[in-house]
Protein chains: 2
Amino acid sequence: MVKLFGETLAEAVRRCGNPVVVGLDPRWEQLPEKLVGNSAVDFAARAGAYEQFCCEVIDVVAPLVPAVKPQAAFFEECGPAGLLALGKVVDYARAQGLLVIMDGKRNDIGSTAEAYARGYLGREQSAWHCDALTISPYLGADSLEPFINVAHDRGAGLFVLVKTSNPGSGMLQDKLSDGEPLYRAVARYVEAQSSANCGASGYGSIGAVVGATYPEQLAELRAAMPHTWFLVPGYGSQGGTAKDVVPAFDENGLGAVINNSRGIIFAHQRAEYKDTFGEARWQEAVAAATREMIASLRAETNVGNL
Amino acid sequence: MVKLFGETLAEAVRRCGNPVVVGLDPRWEQLPEKLVGNSAVDFAARAGAYEQFCCEVIDVVAPLVPAVKPQAAFFEECGPAGLLALGKVVDYARAQGLLVIMDGKRNDIGSTAEAYARGYLGREQSAWHCDALTISPYLGADSLEPFINVAHDRGAGLFVLVKTSNPGSGMLQDKLSDGEPLYRAVARYVEAQSSANCGASGYGSIGAVVGATYPEQLAELRAAMPHTWFLVPGYGSQGGTAKDVVPAFDENGLGAVINNSRGIIFAHQRAEYKDTFGEARWQEAVAAATREMIASLRAETNVGNL
């Protein structure tokens, strides 16, 4: 039988003793100078710099955290060359023992959704070799089912956008309908999918994206979705703190993974690390920021005692 | 001043005398046998077959219709090799004089949405050289604004998912809130964007996706969105007919482009063309199906008299 992604993720979090996901968002303007060179206008050279940068981040974080989350957008911005680089980054991360959550927020009608699902989900069968993928729910249940079916068949996972971290997420997600905000309808669907396919951890393979910037909703949704893994963006540069994400965890410290992108990969630009490490020692800043985030989460939750 | 996409699209529809968009959805199982060969399991060979197939479709339809809509999912299913093929298909379509609407249904929070927008939008500045992109609105207005800003800067267009063609689209889109279905809130936002930036055609550059399978909503939204181009999927194999899409047009026959994917590109498998053309003459079936759709739309609307 195929091992469930919910179990694979629980094991990785337990093994590392922390729930940190490092977001690989290689923004050109923030890359260390020595990687940028003079290649600002050449998409292929830029893609090459992204690949090198992300692989060097992976070298630092692979011994420390359970997973990375490449952001497809920055690679796609470079055209086909960017996608070649993304493929290499995914494979490098896997080879270093990391789980890979592709942040693509894909979505389409059923028969097309299946193509996305087959393309991204599964370490062995898919072209992209990913462990999980983020998906967007606006098209409805029949657009999510093909992703869910492929994920279950291949031991892969999904994170469905439920309540996102951006200031404007309320425009649609908070709209009241039948006496509840829209995100609760999505949450109910996701929880039903995960609760129907749980392993020993008590968590299924169909997760939810819930932003660190909305601690009240984190608490509300944790209660409403007891079998659902949360992928929590918004920690760090978007303003979320370790205290803010406490409600994402169950009482044992399980049930959530917390993403930090810029706050880790561009830590050499943060006030507290700039003087100590500077740009020349940017990888040491990545290590320090990762360790600091792990320590903060361990101090606030039970994740270190799993 | 940059030419507005809304005007570019109006001119292309007028020049061709029809509003047909040919959807490039290269499903492996349906490709003509001679393109498939023995390469079913090799992603690179499969991507090569997709490229060849799509370029041969383009050869047939470029003299007939204003635009093509490549479906990113099928190319992404083949991994990085698929994206290389997609890039070549886009460039080939542009070289043949077609507008290219990338169907990627991209979406993300603002700072990341900008990367998608910069990557796809604009014939000259972007890595993908596309005229327009489909986007998904679940994350809210601040996730759409970066796309809209880049589109306006570069004379490119967008089509925001409003009411999609799939049977399950109602799950979220039809939820009643403040006395109206959710898709109306999205529609209002899109119309405000388009009406603020209209050219002589009366239509702006920020369009809406509204499915042919929901003729009542087409009529309702046409009335509510008088400055908004509609991209209408669902014609043909999803069940939509020329009669169904009549409400998408204004009284002059402008305001909508109608997509047909499988019904055109795999026309050699349709009952009415199978015997006449067969697989060996699949390109002739593409031409016949395209001409038939053009004739049907001209018979039902004023699009032929623009």
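Let me begin by describing the structure that accompanies this report. (Residues numbered from 1 in each chain as written. Chains lettered and ligands numbered in written order. Predicted model: local features only at pLDDT ≥ 70, side-chain atom pairs only at ≥ 80, totals over all residues.)

**As for the interface of chain A and chain B**
For the record, the criterion: What counts as a contact is two residues whose backbone-derived C-beta atoms lie within 7 Å of each other. Helix and strand assignments follow DSSP, with helices taken as H or I runs no shorter than four residues and strands as E runs no shorter than two, numbered in order from the N terminus. Under this grouping Gly is polar, as are all residues other than the nonpolar Ala, Val, Leu, Ile, Met, Phe, Trp, Tyr, Cys and Pro and the charged Asp, Glu, Lys and Arg.
On the chain B side, the residues contacting the 48 residues of chain A number 48 residues. Listing elements by their share of the side of chain A that touches chain B, those giving two or more residues are helix H4 (72-76), helix H5 (80-95), helix H6 (110-120), helix H7 (141-154), helix H8 (170-173), strand S6 (176-177) and helix H9 (182-195) of chain A. Ranked by the residues each element gives to the side of chain A that touches chain B, the list is headed by H6(A), at six residues. Within the side of chain A that touches chain B, the residues separate by chemical class into 23 nonpolar, 18 polar and seven charged.

**Details of the relation of the copies chain A and chain B**
Superposition of the two copies of the chain requires a rotation about an axis and a shift along the axis. The criterion, for reference: To superpose the copies, least squares is applied to the C-alpha atoms of every residue with a pLDDT of at least 70 in both.
The transform that puts chain A on chain B rotates by 180° and translates by 0.0 Å along the axis, for an RMSD of 0.0 Å. What we have between these two chains is a two-fold relation. Within chain A, the C-alpha atom positioned nearest to the axis of rotation is that of A:Ser177, 2.4 Å from it. Same-surface contact between copies: 100% of interface residues of chain A are shared with the interface of chain B.

**Quick look at the pairing of strand S5 (residues 157-163) of chain A**
Residues and elements named next belong to chain A. Under the convention used in this document: For the exposure call, what matters is how many other C-beta atoms sit within 10 Å of a residue's own: 20 or more marks it buried, 12 or fewer exposed, and in between partly exposed, using C-beta atoms placed from the backbone. Strands are labelled as partners when DSSP assigns at least two bridges between them. Clockwise travel from the first strand over the helix to the second, with the strands pointing away from the viewer, marks a crossover as right-handed.
Within S5, seven of the seven residues are buried, which leaves it mostly tucked inside the rest of the structure. The pairing of strand S4 (residues 132-135) with S5 spans four bridges and is parallel. In the sheet register, Ala 132 faces S5, and the bridge partner there is Gly 157. On the question of chirality, the crossover connecting S4 to the parallel S5 by way of H7 is right-handed. With five bridges connecting them, S5 and strand S8 (residues 206-210) associate as parallel partners. In the sheet register, Leu 158 faces S8, and the bridge partner there is Ile 206.

**Remarks on the pairing of strand S2 (residues 67-70) of chain A**
Residue and element names in this part refer to chain A. Alternating positions in S2 separate into two faces, Ala 67 and Lys 69 on one and Val 68 and Pro 70 on the other, with burial throughout. In the sheet, strand S1 (residues 20-24) pairs with S2 via four bridges, with the strands oriented parallel. From the neighbouring strand, Leu 24 faces S2, where its bridge partner is Pro 70. Bridge count for S2 against strand S3 (residues 99-106) is two bridges, and the pairing is parallel. Counted as the bridge partner of Val 68 is Val 100 from S3.

**Some remarks on helix H14 (residues 282-300) of chain B**
Residue and element names in this part refer to chain B. Inclusion rule: In this analysis, the expected span of each helix is defined as 1.5 Å times one less than the number of residues it contains.
Across its 19 residues, H14 extends 27 Å between first and last C-alpha, which sits within 8% of the 27 Å expected from 1.5 Å per residue. Within H14 the residues assigned to the buried category are Trp 282, Ala 285, Val 286, Ala 288, Ala 289, Thr 290, Met 293, Ile 294 and Leu 297. Where H14 is buried, its residues meet strand S1 (20-24), helix H3 (43-61), helix H11 (242-245), strand S10 (256-260), helix H12 (262-265) and helix H13 (271-277).

**Structural notes on the packing of helix H3 (residues 43-61) of chain A against H5(A)**
Residues and elements named next belong to chain A. Heads up, the rule is: Note on geometry: axes are C-alpha line fits, over the in-contact stretch for helices, and angles between N-to-C directions span 0 to 180 degrees. Angle categories: roughly parallel below 35 degrees, roughly antiparallel above 145, roughly perpendicular from 65 to 115, and oblique for all the rest. Crossings are assigned a handedness: left-handed for a near helix turned anticlockwise from the far helix by less than a right angle, right-handed for a clockwise turn.
Direction vectors running N to C along H3 and H5 enclose 15°, while the axes themselves pass 8 Å from each other. In terms of their interaxial angle, H3 and H5 are classed as roughly parallel. Crossing handedness for the pair H3 and H5: right-handed. On H5, the residues touching Phe 43, Ala 44, Ala 47, Gly 48, Tyr 50, Glu 51, Cys 54, Cys 55 and Ile 58 of H3 are Ala 81, Gly 82, Leu 84, Ala 85, Lys 88, Val 89, Tyr 92 and Ala 93. Class assignment for the residues of the contact of H3 with H5 results in 13 nonpolar, two polar and two charged.

**Topic: helix H5 (residues 80-95) of chain B**
Helical geometry note: an α-helix holds 3.6 residues per turn, so side chains three or four residues apart project in the same direction. Relative to the 22 Å expected for 16 residues at 1.5 Å per residue, H5(B) spans 23 Å between its end C-alpha atoms, a close match to the ideal helical length. Among all positions in H5(B), only B:Pro80, B:Ala81, B:Gly82, B:Leu83, B:Leu84, B:Ala85, B:Leu86, B:Gly87, B:Val89, B:Val90 and B:Ala93 are buried. The elements touched by buried residues of H5(B) are H5 of chain A together with S1, H3, strand S2 (67-70), helix H4 (72-76) and strand S3 (99-106) of chain B. A positive backbone phi angle near 90° is found at B:Gly97, which sits one or two residues after H5(B).

**Section: the environment of B:Ser177**
Inspection of the secondary structure puts B:Ser177 in strand S6 (residues 176-177). The exposure class assigned to B:Ser177 is partly exposed, which follows from the 17 C-beta atoms found within 10 Å. Along the chain, B:Ser177 and B:Val21 lie 156 residues apart, while their C-alpha atoms are 33 Å from each other. With residues up to four places along the chain from it excluded, the contact list for B:Ser177 reads A:Lys175, A:Leu176, A:Ser177 and B:Leu182.

**Observations regarding the sheet that holds S3(B)**
Residue and element names in this part refer to chain B. Spatial strand order, S1-S2-S3-S4-S5-S8-S9-S10: eight strands in a closed barrel with parallel pairing. Going across the sheet, the axis of each strand differs from the next one's by a mean of 30°, ignoring polarity. H3 rests against S1 and S2 of the sheet, and its axis sits at about 165° to S1.

**Topic: the sheet that holds S5(A)**
All names here are of chain A. Here we have eight strands rolled up into a closed barrel, ordered S1-S2-S3-S4-S5-S8-S9-S10, and parallel in their pairing. Within the sheet, the average angular offset between the axes of one strand and its neighbour, ignoring direction, is 30°. Lying on the sheet, H3 is in contact with S1 and S2; it crosses S1 at an angle near 165°.

**Overview of the nonpolar core**
The criterion, for reference: Take the buried Ala, Val, Leu, Ile, Met, Phe, Trp, Tyr and Cys residues, join any whose C-beta atoms are within 7 Å, and the set you get is a nonpolar core.
Grouped together as the largest cluster of nonpolar side chains are 223 residues, with contacts concentrated most on A:Val160, A:Val162, A:Ala208, B:Val160, B:Val162, B:Ala208 and B:Val232. If near-sequence neighbours (up to four positions away) are discounted, A:Val162 is found in contact with A:Tyr183, A:Val186, A:Ala187, A:Val190, A:Ala208, A:Val209, A:Val210 and A:Leu221.

**Some thoughts on the environment of A:Ser126**
Residues and elements named next belong to chain A. If you trace the backbone, Ser 126 turns up in the loop between H6 and S4. By C-beta crowding, Ser 126 is classed as buried, having 21 other C-beta atoms within 10 Å. Separated by 96 residues in the primary sequence, Ser 126 and Gln 30 place their C-alpha atoms 32 Å from one another. Other than its neighbours up to four places away in sequence, Ser 126 contacts Arg 118, Gly 119, Tyr 120 and Leu 121.

**Things to note about unusual backbone geometry**
Residue and element names in this part refer to chain B. The phi dihedral of Lys 105 is positive, around 45°, even though this residue is not glycine. Relative to the helices and strands, Lys 105 resides in strand S3. Even without glycine at this site, Asp 178 takes up a positive phi of about 50°. Locating Asp 178 in the fold gives a position in the loop between S6 and strand S7 (180-181).

**A look at the packing of H3(A) against helix H14 (residues 282-300) of chain A**
All names here are of chain A. One way to put it is that H3 packs onto H14 with a least axis distance of 9 Å and a crossing angle of 45°. In terms of axis orientation, H3 runs oblique to H14. In this structure, the crossing between H3 and H14 has a hand that is right-handed. Within the contact between the two elements, H3 uses Glu 56, Val 57, Val 60 and Val 61 and H14 uses Gln 283, Val 286, Ala 287 and Thr 290. Here the contact of H3 with H14 is composed, by residue class, of five nonpolar, two polar and one charged.

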